[in-house]
Amino acid sequence: MTEDPFVAHRGLLFTVAYEMLGSAADAEDVLQESWLRWADVDRSQVRDPRSYLIRLVTRQALNRLRTVSRRREEYVGEWLPEPLLTSPDVAEDAELAESVSIAMLTVLETLGPTERAVFVLREVFELPYGEIAEVIGKSAATVRQVARRAREHVAARRPRVRVSRSEQQAVVERFLLALRTGQLQELMEVMAPDVVLVTDGGGVVPAALAPIHGVELVAPILARAHELVAALDTTVVWLNGEPGGRIEFDGEPSAISVVVEDGRVTRIYVVRNPRKLTQLDEPTELVR
């Protein structure tokens, strides 16, 4: 039997939904809804199943995004994307790895639903403007304008410099060691003066309700972390296509992702909300 196109492209479809939503749970719900709709489609009328399925999933993701956007406005504290354990293979596709990074997904959160859909479909999955127009119900000319605005918006907020995997991993290892041992001076040296710390506890576990700016504030907070628990363990893992960290506070996991520029950490994202930490045991397939 020929494998069903939905099954064959499931990794791709999950990636589309996840980049649209920043949540694995929401992405899985979108795939379930899309599968039910695909089951009713007359396959003989579908010339390009991959393109058709991407459009189908994107429409469902847009509907979900409009719903969760209202929910996120009521979220306690900072909302961060749900981190995914990934294999090092994801990093082989540099553009894919950047697009699913916690830093990029955080930037995409600042776009409206339509702008986000256009950016993801055009810049990441390279769909033609005409096909994107079908998804969002606007003309191709309008889609071009939306795409341009979205690119400019993202370009102004994304990390300025890409670093190699080896440099990212070396800085992450140094940072996690200093965090685990509470070395204040080492933390201050590995972080940039204007470093920003963002933590997501979702009102479930303790976390800062707003970003903390500057190494003079961030370093002492991190240096004291090991004093607040009986055991603090850190492990370098692959998160969202790049080296990151898994932290255990008395056995309770957190995920940490950092942005590295010029050999120093410029942004730190710590996800502590346990509802967002269900994807850290088995690698998630992300493809485009």
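Structure: above.
Residues numbered from 1 in each chain as written. Predicted model: local features only at pLDDT ≥ 70, side-chain atom pairs only at ≥ 80, totals over all residues. Heavy atoms only, no water.

1. Structural notes on the sheet that holds strand β5 (residues 252-261)
Across the sheet, which stays open at both edges, the six strands sit in the order β2-β1-β6-β5-β4-β3 with mixed pairing between neighbours. Looking at which strands have only one partner, the edges of the open sheet turn out to be β2 (212-213) and β3 (232-239). With six bridges connecting them, strand β1 (residues 191-200) and strand β6 (residues 264-271) associate as parallel partners. Looking at β6, one finds that M191 is bridged to V265. On the sheet, helix α10 (residues 165-181) packs against β1, β3, β4 (242-249), β5 and β6 and is oriented at approximately 165° with respect to β3. In the packing of helix α12 (residues 215-223) onto the sheet, the strands contacted are β1, β2 and β6, and the crossing angle to β1 comes to about 55°. (Pairing = 2+ DSSP bridges. Helix = DSSP H or I, 4+ residues; strand = E, 2+ residues; numbered from the N terminus. Contact = heavy atoms within 4.5 Å. Axes fitted to C-alpha atoms, helices over the stretch in contact; angles between N-to-C directions.)

2. Quick word on the environment of V57
Mapped onto the elements, V57 comes out in helix α4 (residues 49-72). Between the C-alpha atoms of V57 and G214, which are 157 residues apart in sequence, the distance is 40 Å. When sequence neighbours within four positions are dropped, the list of residues in contact with V57 reads L13, V16, A17, V30, L31 and S34.

3. As for the nonpolar core
With 52 residues, the main nonpolar core has F14, M20 and L108 as its most contacted residues. When residues of this core are traced back to their parent elements, those giving at least two are α2 (10-21), α3 (24-39), α4, α5 (94-100), α6 (102-108), α7 (113-124), α8 (129-136) and α9 (140-155). Once residues within four sequence positions are removed from consideration, F14 is found in contact with A24, A27, E28, L31, L84, T284, E285 and L286. Residues F175, L179, V229 and L232 belong to the second largest nonpolar core, which totals 28 residues. (Core = buried A, V, L, I, M, F, W, Y, C linked by side-chain atoms within 4.5 Å. Buried < 20%, exposed > 50% of the residue type's maximum accessible area, 1.4 Å probe, protein only.)

4. Quick look at the packing of α7 against α8
Closest axis-to-axis distance for the α7/α8 pair is 10 Å, and the angle between their directions is 150°. Judged by the inter-axis angle, α7 sits roughly antiparallel to α8. Our pair here, α7 against α8, has a crossing hand that is right-handed. For the pair α7 and α8, contact is made by T114, A117, V118, L121 and R122 and by Y129, I132, V135 and I136, respectively. For the contact of α7 with α8, a count of residues per class yields seven nonpolar, one polar and one charged. (Parallel < 35°, antiparallel > 145°, perpendicular 65-115°, else oblique. Left-handed = near helix turned anticlockwise from the far one by under 90°. Nonpolar A, V, L, I, M, F, W, Y, C, P; charged D, E, K, R; others polar.)

5. Quick notes on α10
End to end, α10 covers 24 Å across 17 residues, agreeing with the expected 24 Å (1.5 Å per residue, within 8%). Downstream of α10 by one or two residues, G182 has phi in the positive range, about 70°. (Expected span 1.5 Å × (residues − 1).)

6. Comments concerning the pattern of salt bridges
This model, assessed by the stated rule, comprises 22 salt bridges. Between R174 and E189 there is a salt bridge whose closest N-O contact spans 3.6 Å. Residue R174 is located in helix α10, and its partner E189 is located in helix α11 (residues 184-190); the two are separated by 15 residues in the primary sequence. Classification of R174 by relative accessible area gives partly exposed; the value is 32%. Looking at E189, the relative accessible area reads 36%, which means it is partly exposed. In this structure, D281 and R246 form a salt bridge, with 3.6 Å as the shortest nitrogen-oxygen distance. (Salt bridge = Lys/Arg side-chain N within 4 Å of Asp/Glu carboxyl O.)

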